[in-house]
Amino acid sequence: MPTEKERLDVVEPQVASLISHVGQLTAELERVTARLTVLERRLSGAGDGPLANLDEVAGEVVPLVEALRRAWDAEQEILADPARVALKQEVLEFDGLKARRDDARSKLDGGRVPRFARDALSHEVRQMEWLINANEASARRAVERLEGDEEAAGEQWRTEAVLAGDKARGEIRDVAARRISEALAQYARMPVWFRVGLGEIPTPDPSFWIESAIAVLAYRLEYGVTDAVSPLGAAPSADSGCQNWVRRTNVHADVTDRLSTLAATFHLQ
């Protein structure tokens, strides 16, 4: 006749195995449930009314888009602050190389340098000369870009266009907010890019979703994105250092982070 302890020794591993299996089944059920929720959101659209033409450039949007295009052209020759700082630093470093070379040369020409120090100074001069020759072309381009930036920033038409663009940028967000609000009120079917990027409006607090939807639509209207599937179209690059491209890249990154947060919320990742 087995003792109570012997019976427990037999049962406990079986119970532990069952608990483990239940945990695995629960996790799998949660994953499937989340996936079904995602599919429902993607298939449902945002309603069964007329298709919302959120991207339409007509009426009050036309002058706003034109102002934004002029601002884009104006900023094409103006450097963003980080690019300007980097170019100034490059010029300062190049001037520093020349100053070190000239200082070493003046000491050598003075004629009162001990022999061991003269060898070290001669080596420093040669090293500075090599660095100066290697960086001269890049430093010259940096100087030219800074001069062009200063000249462009002083042109009145550019200043006016940039200010008008800033005003239009705020107004285009208002347009985006109204269009989305009207589409939701009409229970309209949202475009594919909208459903792919944003899914269905969440509950109980939809504020972040709405702010993200406005940001996406404002981006599309400002930069003329017409991709039917991708909410933001192709990713921009700030390599040029121009103010317009740096701004667009920063906005793209911010909106992308918003969409990633929504995707994580709905288990889309």
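For the structure given in this document, a descriptive report is provided here. It should be emphasised that the depicted structure is a prediction, and the values quoted were computed from it without experimental measurement.

**Considering the overall build of the protein chain**
Part 1: A count of helical and extended segments in the protein chain gives 8 helices and 0 strands.
Part 2: Mapped from its N terminus to its C terminus, the protein chain presents α and β elements in the order α-α-α-α-α-α-α-α.
Part 3: By residue count, 33% of the 269 residues in the protein chain fall in the buried class.
Part 4: Sequence separation of 24 or more characterises 76% of the internal contacts of the protein chain that already satisfy a separation of 6 or more.
Part 5: As displayed, the protein chain offers around 16600 Å² of accessible surface, 56% of which is attributable to carbon and sulfur atoms.

**What to know about the nonpolar core**
Part 1: In terms of nonpolar packing, the biggest core is built from 33 residues, with Leu 54, Ile 172, Phe 194, Leu 198, Leu 217 and Leu 259 touching the most fellow members.
Part 2: For this core, the elements supplying multiple residues, two or more each, are α2 (61-75), α5 (156-185), α6 (192-198), α7 (207-223) and α8 (243-265).
Part 3: Sorting elements by how many residues they give to this core places α7 first, with 10 residues.
Part 4: With residues near it in sequence (within four places) discarded, Phe 194 still touches Leu 54, Ile 180, Gly 199, Trp 209 and Ala 213.
Part 5: In terms of nonpolar packing, the next biggest core, distinct from the first, is built from 6 residues, Ala 83, Leu 87, Val 91 and Leu 146 among them.

**Regarding the pattern of salt bridges**
Part 1: All chains considered together, the criterion is met by 18 salt bridges.
Part 2: Taking the shortest distance from any N to any O, the salt bridge between Lys 107 and Asp 103 comes out at 3.6 Å. A residue pair is termed a helical-turn pair when its members lie 3 or 4 positions apart in one helix, as Lys 107 and Asp 103 do in helix α3 (residues 81-110) at 4 residues.
Part 3: Note on Lys 107: relative accessible area 43%, which makes it partly exposed.
Part 4: With a relative accessible area of 39%, Asp 103 lands in the partly exposed category.
Part 5: The network of salt bridges with common partners includes Arg 101, Asp 102, Arg 105 and Glu 129.

**Re the layout of surface pockets**
In this approach the atoms are scanned with a rolling probe the size of a water molecule, which exposes any empty space left behind.
Part 1: There is about 150 Å³ of room inside the second largest pocket.
Part 2: Around the second largest pocket sit Arg 169, Arg 173, Ala 215, Ala 218, Tyr 219, Glu 222, Tyr 223, Val 251, Asp 254, Val 255 and Arg 258, which together line it.
Part 3: Examining the composition of the lining of the second largest pocket, we find that 5 residues originate from one element, α7, more than from any other.
Part 4: Looking at the lining of the second largest pocket, its residues break down into 6 nonpolar, no polar and 5 charged.

**So, the side chain of His 252**
Part 1: By the element assignment, His 252 lies in helix α8.
Part 2: Looking at His 252, the relative accessible area reads 13%, which means it is buried.

**Things to note about a negative patch on the surface**
Part 1: On the surface, Glu 144, Glu 147, Glu 150 and Glu 151 cluster together into a patch of negative charge.
Part 2: Within the fold, Glu 147 resides in helix α4 (residues 115-153).

**As for the environment of Tyr 219**
Part 1: Of note, Tyr 219 is situated in helix α7.
Part 2: The class for Tyr 219 is buried, based on a relative accessible area of 1%.
Part 3: Setting aside anything within four residues of it in sequence, one finds Tyr 219 in contact with Gly 224, Val 225, Leu 232, Pro 236, Arg 248, Val 251 and His 252.

What counts as what
Residues numbered from 1 in each chain as written. Predicted model: local features only at pLDDT ≥ 70, side-chain atom pairs only at ≥ 80, totals over all residues. Heavy atoms only, no water. Helix = DSSP H or I, 4+ residues; strand = E, 2+ residues; numbered from the N terminus. Buried < 20%, exposed > 50% of the residue type's maximum accessible area, 1.4 Å probe, protein only. Contact = heavy atoms within 4.5 Å. Areas by Shrake-Rupley, 256 points an atom, 1.4 Å probe, with all protein chains shown as cover. Core = buried A, V, L, I, M, F, W, Y, C linked by side-chain atoms within 4.5 Å. Salt bridge = Lys/Arg side-chain N within 4 Å of Asp/Glu carboxyl O. 1 Å grid on protein atoms, 1.4 Å probe; cavity = no way out; pocket = protein on both sides within 12 Å on 5 of 7 lines; lining within 4 Å. Points joined across faces, edges and corners; volume = space filled by probe spheres on them. Nonpolar A, V, L, I, M, F, W, Y, C, P; charged D, E, K, R; others polar. Patch = residues over 30% accessible without salt bridge, like charges linked within 9 Å, V, L, I, M, F, W, Y side chains within 5 Å. Lys, Arg positive; Asp, Glu negative; His and termini not counted. Charge placed at Lys NZ, Arg CZ, Asp CG, Glu CD.

Honestly, that's just the spatial picture; any functional story needs more than this.
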